[in-house]
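Architecture at a glance
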Amino acid sequence: MQLFYTPDINSTLNEFSFDKEESKHIVKVLRKKEGDILHVTNGLGLLFTTEIILASEKKCTVKINATETQKPSDFYLHLAVAPTKMNERFEWFLEKATEIGIHEITPLICDHSERKTIKTERFDKIIQSAMKQSLQYYLPKLNDPISFKEFIGKNHNGNLYIAHCEETDKKLLKEAVQAKEKCTILIGPEGDFSEKEIKLALENKYIPVSLGNTRLRTETAAVVACHSVVFANE
């Protein structure tokens, strides 16, 4: 099944028209024509089975034949991850985490971060593409970048974890997480969190965790953390 995404379609509509860019892609690039069936999601858990009634490059219009609702996950995973120096690595994480089943992502600017400025527009497109490729109907939420101190100061519900490399008493994440829980996990930059940041997290009731015996790159650590939580809920 090929899945299309638009946030503008909803269950109150009988017909829907794609914007000019998507219409051109559907009609000119994919060569879809009137009578063809398109599967469309709004990223909020709904799948629409539609039929093209007007195959125009400027305004492709479909009628909605059926609507299906995907049950939301029993758990909720929020990863706050320090952006990598190379954008491609962070983009790889976004793609894989979306495919695995993450719910929310926050780029976290830390003391040791090599990249301090982030443009999220491309990140949004990567997440949308990964959602469509993996045939999911919920679009993960991508937040604006935020400093570590400001993030810690916010009220985050559920269990809180910080994955750091300091030689202290830590639980393995795969043993710490529980099924059907809401959790937030902090993943630091290549140079790890600073001692000050680790101390601040612990003071705010974050549980220190390990992702294994080897030292992982930021993007690998984030994917391992994502998989650990999703696996605990399967």
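Presented here is a report on the structure given in the accompanying data block.

Definitions and limits used
- Residues numbered from 1 in each chain as written.
- Predicted model: local features only at pLDDT ≥ 70, side-chain atom pairs only at ≥ 80, totals over all residues.
- Heavy atoms only, no water.
- Helix = DSSP H or I, 4+ residues; strand = E, 2+ residues; numbered from the N terminus.
- Buried < 20%, exposed > 50% of the residue type's maximum accessible area, 1.4 Å probe, protein only.
- Contact = heavy atoms within 4.5 Å.
- Areas by Shrake-Rupley, 256 points an atom, 1.4 Å probe, with all protein chains shown as cover.
- Lys, Arg positive; Asp, Glu negative; His and termini not counted.
- Charge placed at Lys NZ, Arg CZ, Asp CG, Glu CD.
- Phe/Tyr/Trp six-rings, centres within 6.5 Å; stacked < 30°, edge-to-face > 60°.
- 1 Å grid on protein atoms, 1.4 Å probe; cavity = no way out; pocket = protein on both sides within 12 Å on 5 of 7 lines; lining within 4 Å.
- Points joined across faces, edges and corners; volume = space filled by probe spheres on them.
- Nonpolar A, V, L, I, M, F, W, Y, C, P; charged D, E, K, R; others polar.

Of the regular secondary structure elements, the chain holds 7 helices and 13 strands. By its C-alpha atoms, the chain is 65 × 35 × 30 Å across when sized along the principal axes. Relative to its 234 residues, the chain shows a buried fraction of 45%. Taking all contacts inside the chain whose residues are at least 6 apart in sequence as the whole, residues at least 24 apart take part in 74%. Accessible surface for the chain amounts to roughly 12800 Å². Of this, 46% is attributable to carbon and sulfur atoms. On the chain, the mean spot of the 32 positive side-chain charges and the mean spot of the 34 negative ones are 3 Å from each other.

One pass over the full model with this rule turns up 4 aromatic pairs. For the ring pair Phe90 and Phe123, a centre distance of 5.2 Å and an interplane angle of 40° mean the geometry is tilted. Here Phe90 is found in helix H2 (residues 87–100), whereas its partner Phe123 is found in helix H3 (residues 120–133), with 33 residues between them in sequence. Its relative accessible area of 1% is what places Phe90 among the buried residues. On the basis of relative accessible area, Phe123 is assigned to the buried category, the value being 2%. Relative to Phe193, the ring of Phe148 has its centre 5.4 Å away and its plane inclined at 55°; by these criteria the two rings are tilted. Of this pair, Phe148 sits in helix H4 (residues 148–153) while Phe193 sits in the loop between strand S12 (182–187) and helix H6 (195–203), and the two are 45 residues apart along the sequence. Taken individually, Phe148 and Phe193 each receive the classification buried, so the pair is uniform in this respect.

To find the voids left in a structure, one rolls a probe of water-molecule size over its atoms. When its volume is computed, the largest pocket comes out at roughly 550 Å³. Taken together, 18 residues make up the lining of the largest pocket; nearest its centre are Tyr5, Glu21, Glu22, Gln128 and Lys132. Listing elements by their share of the lining of the largest pocket, those giving two or more residues are strand S1 (3–5), strand S2 (15–17), helix H1 (20–29) and H3. Top element by residues in the lining of the largest pocket is H3. It accounts for 4 residues. For the lining of the largest pocket, the per-class residue count stands at 6 nonpolar, 6 polar and 6 charged.

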